[in-house]
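Tertiary structure, described
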Amino acid sequence: MKKNIILGTIGILILAAMLISFSHFKNRKPINTTKNIVPEQKSKNRKNTNGQATVVWNRKETFTETQGDYEFFAYKSEDKKNSWIYQIKVSKQGTKQELIIPKSIEGSAVTKIGADMSKEEDFEFYQNVFGTYVEACHGCDGSDKYIHNIPAIHMPDTLIEIENSAFSGLDSIRTLILPENLLKIGNDAFYSCDNLQKIYVPEHYEGLCGDSVFRDCLKAEKINVSEKNKKYRTINHMLFSKDGSTLLWVPSSIKKVVIPENTKVIQANAFSYSRVCEVSIPASVEKIEKNAFFECAYVCDINLNTNNKVYKQDGTCIYESDSKRLVLSMVKDHKLTISGQVQIIPNARTVVGGFDKNDRDKIYPSDYPYIERADIPASVTTLEGFWDSFCETNEYSPQRIYFHGMEPPEHIKGDSEAAPMMATTVLYVPAQALNAYKKWYSGGQYKTFIDGKGKRNRDYKYCKSNDCIEITKYIGKEKNVTIPQEIEGLKVSSIGNNAFKNSGIVSVKMPDTILEIKENAFSYCKKLTSAELPNSVTEIAGRAFFGCSSLTTVTLPNAIKVLHRKCFKKCSSLKEIHIPETVESIHLECFSGCTSLENVTMPEHLEEAQGGIFKYCKSLKSIVLPKGLNYLSGELFMGCINLETVDVKGEITGLGFSTFRDCYNLKKLESVKITETIGFNAFNNCKNLEATIEIMPSCGGIDSDAFYNCPKIKVKNIGNAQYVAPDAFGKN
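Residues numbered from 1 in each chain as written. Predicted model: local features only at pLDDT ≥ 70, side-chain atom pairs only at ≥ 80, totals over all residues. Heavy atoms only, no water.

This brings us to the overall build of the chain. Scanning the chain from terminus to terminus reveals four helices and 58 strands. Per-residue burial over the chain gives 57% buried out of 732 residues. Working note: accessible area of the chain is about 30800 Å², and carbon and sulfur atoms make up 46% of it. (Helix = DSSP H or I, 4+ residues; strand = E, 2+ residues; numbered from the N terminus. Buried < 20%, exposed > 50% of the residue type's maximum accessible area, 1.4 Å probe, protein only. Areas by Shrake-Rupley, 256 points an atom, 1.4 Å probe, with all protein chains shown as cover.)

Encoded structure:
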C-alpha cells in the first residue's frame, strides 16, 4: 500500500533493506538529471522488434522550453526529427496548473518522455520525469510538494513511448487519455496516482497495459478502450483481449467481480494489488496463470463454478482437478487451511485475503495481513521451490506451519537453492513423526522444531531446538525480568521473534547462555528502562529494541560484530551508547530517532556504516569518526540539528544523499577530499559550516542541492568533478 507500507516477511532479503533507504525521496525537491551521460553509438540501420527504425539519441546537448510553471528538458535524436523529454522541472510548489506536454521542442517532435536512467546500475528503482526516485516495492512513489496538486496531464499524439515510472506519484489526476500513436508504456508509469479513476486506451495502442502500468491506483474504476483497437476491449470496465477470452486487468477499486462466461484465461497479475473482495470464476476458465491474484489481501469470498472441468474448489482452496496443484488459498480469520484434496503446493504466491472486515473498508489499512497458522494436510506430497511464500506473514509474526502427515513431503528445489522453509518458520508436526521431519529438514540452512504440544512454564512459552531452548513468548507478570539459564534442564540460548514485544516489562537481565536476540524481540516495550546483555550474545537481529522509548541504559556485548537494521530506532530516551571494538558493520537506521542520544563511542575498526544510522538524533553534539570510515552513507546525520563538531580521524572521500542535511549548527569539518561523489542534499542547509571541500580528479560528481544554503563552505577544484548538477549550489 502506498502510504502505509509494512514489509510482509521477517526473512526478507538484505537487498530490500538497502533499497528502502530511497524512501526519503518522497518529500525532496525534484532534481536535475543533466549528467554527462555517454551517448549511444550511431547506427543508421538499427531496428527494434517491431521492424521500425530505432531512434538514436544525442545526450551531449540539452534543449529546454518553458511553459508556465513547467520547464521541459529534452534530448534530440541524431537526425533532429525526434525529441525526448527526460525531465520536467516544476517552478511553483504545489502548482495546480495542468501539465500540457508540448508537441515539439525546437522543431523536433516529442516522441518519448521519462527519466534517462542509462547510467543507473541498479534498476530496482527509477525516477519519475520530475526527477524524484521511485521504488514501488517499498511504497516510494515519487510524489512530493511540487507535483501532488497537478490536476491533469495532456499528452500530444506525437508521443510514442512513456518510460518506466514516468508519471508516478501524480496524486491529483482523475482522468487519463493515452495518445493516439502511443506504442509503449513502461512499468509503473502511472504508479500510485491516488485519484486516477478513468483511463482511455486509443485505437493503436497494443503494448503492455494493466497492473504493471497502473499499480496502486487505488481509485481506478474504469478502463475504456477504443472500439477500433485490435488487441483490447472493455467488458464491465475491465480490460480483456479483443476476443474476450483473456482477462488482462481489473481496475483496483472494483470490489465485486463476476468474470464473464466465455473467459478462458485469467492472465498473470490480472488482479494484482486490487481491492477486490468477491470473485466469481465461470466454468469456461481453462487457465489461471501464476500470480494472477498476487497481493489480493482484501478477498473475503471466492466462488468457482462447479461445472468447471479444469479446476475444483474445496472450502477456501481452488486446485487443478488433474494434478491436484494448489491455485488459490484464502485466509479466513487469519488462518489458512489447505484442502485435503491438494497434493502439490507450487512455487508461487497463491494466498488471497487476510484483512479483517474493518480494514477492508479503509483506503490504507492499519497493518499488513497476517496468518496465525497454516495447516498442511497429509495429502500434500510435493513442495516446489519457495513454496511457503504462499503463507508469508508480516514482519512481526513468525510462520507457524502445522504438518499433519506422518511422512514429510518431497521438496523439489528446481533452479533455486530454496530450503524447505524460511528461517523464521516454527514447525509443528505429529510427535511420532518428529525424527522423520528433522531428517527431512536437515538439508536446509535453518532448523526449528517443536512437537506441537505448546509446552510452557509459569512465565514463558518456548520451544526446543538442537537441545536448547528458545523463548517464544513472555507471559509472566513480573516487570523486572531475569531470564533463567535453563528450562527443563536445557540451556536457554535465544530470545525468539516478538518474544517480549509490547510487554510492560521495566528491566531485563539475561544469562550468559543467551547467544541470539531475534527480530522484534523487545520492540515497543515502552516501559523498558534498562537491558543487561551478556557478552555471550553474538547476534542482535533487526528491530530488536525498536520503539523502546523509555530505554536509557543498554550495554552491548563485546562479541557483537554486526548491529542490524533499526536495532535501537526510536529509543528516544537513550542518552549514551558505547559500540564495542568488535563491531565491524552498523546497518540501516540503527539509532535513527534516538532524540536524546548525546554521546556515542564508535569502534576504531568500523568498516561499514549504512544509511540513516544517526538520523534525527537531535541531541547529538559531537562525534568521532574512525579512521577506516571514508565514505559517509546517505542520511547518516540528517536532522542532527545540534551536531556541532565531527572529528574525522581518517579522510572523507565521498558522501551519500542527505548525509548532513539540516545540520544547522555544524560548524567545522576537516579532511574532506572527495574522490567518489557528493550525493543529493549532502550538505543541504548546513548554513553555519565553515569547511573546505577539495574535489579530487577521480570525483564522480556533485548532485542536486548538495550545497544548498551553505554560504560558508568553500569548494576547491570543482572542475575535477565529472559532472556538477546545475542546482548543486542552489541559494548560495
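Read across the sheet, three strands follow the order β49-β51-β53 without closing on themselves; strand pairing throughout is parallel. The open sheet is flanked by β49 (622-625) and β53 (668-669), the only strands paired with a single partner. Bridging between β49 and strand β51 (residues 645-648) involves four bridges; their strand directions are parallel. Within β51, the position partnered with L625 by the bridge is V648. (Pairing = 2+ DSSP bridges.)

What follows concerns the packing of aromatic side chains. Applying the stated criterion across every chain, the model contains 24 aromatic pairs. Between Y205 and Y232, the aromatic rings sit 6.5 Å apart at their centres with planes inclined by 40°, giving tilted as the arrangement. In this pair, Y205 sits in the loop between β13 (198-201) and α2 (211-214) while Y232 sits in strand β15 (residues 232-235), placing the two residues 27 residues apart along the sequence. By relative accessible area, which is 0% here, Y205 ends up buried. Directly above the aromatic system of F63 lies the positively charged group of K76, at a separation of 4.4 Å from the ring centroid. A cation over an aromatic ring shows up here: R543 above the ring of F546, its NZ or CZ 4.2 Å from the ring centre. (Phe/Tyr/Trp six-rings, centres within 6.5 Å; stacked < 30°, edge-to-face > 60°. Lys NZ or Arg CZ within 6 Å of the ring centre and 35° of its normal.)

With that settled, consider the sheet that holds strand β41 (residues 530-532). Across the sheet, which stays open at both edges, the four strands sit in the order β36-β39-β41-β43 with parallel pairing between neighbours. Unpaired on one side and paired on the other, β36 (480-482) and β43 (553-555) mark the two borders of the sheet. In this sheet, adjacent strand axes meet at a mean angle of 10° when their direction is disregarded. Inspection of the sheet shows β41 paired to β43 by three bridges, in the parallel sense. Bridge pairing in β43 links E532 to T555. (Axes fitted to C-alpha atoms, helices over the stretch in contact; angles between N-to-C directions.)

In this structure, F522, F545 and F683 are the most contacted members of the largest nonpolar core, which totals 89 residues. Mapped by element, the contributors of at least two residues to this core are β34 (460-465), β35 (468-474), β38 (490-495), β49, β51 and β56 (691-695). Not counting residues up to four positions away in its chain, the partners in contact with F545 are F522, S523, L528, A531, L533, I540, L551, C567, F568, K569 and C571. Among the nonpolar cores identified, the runner-up in size contains 46 residues, and A74, V110, F130 and I199 belong to it. (Core = buried A, V, L, I, M, F, W, Y, C linked by side-chain atoms within 4.5 Å. Contact = heavy atoms within 4.5 Å.)

Just geometry here; none of it tells us what the structure is for.
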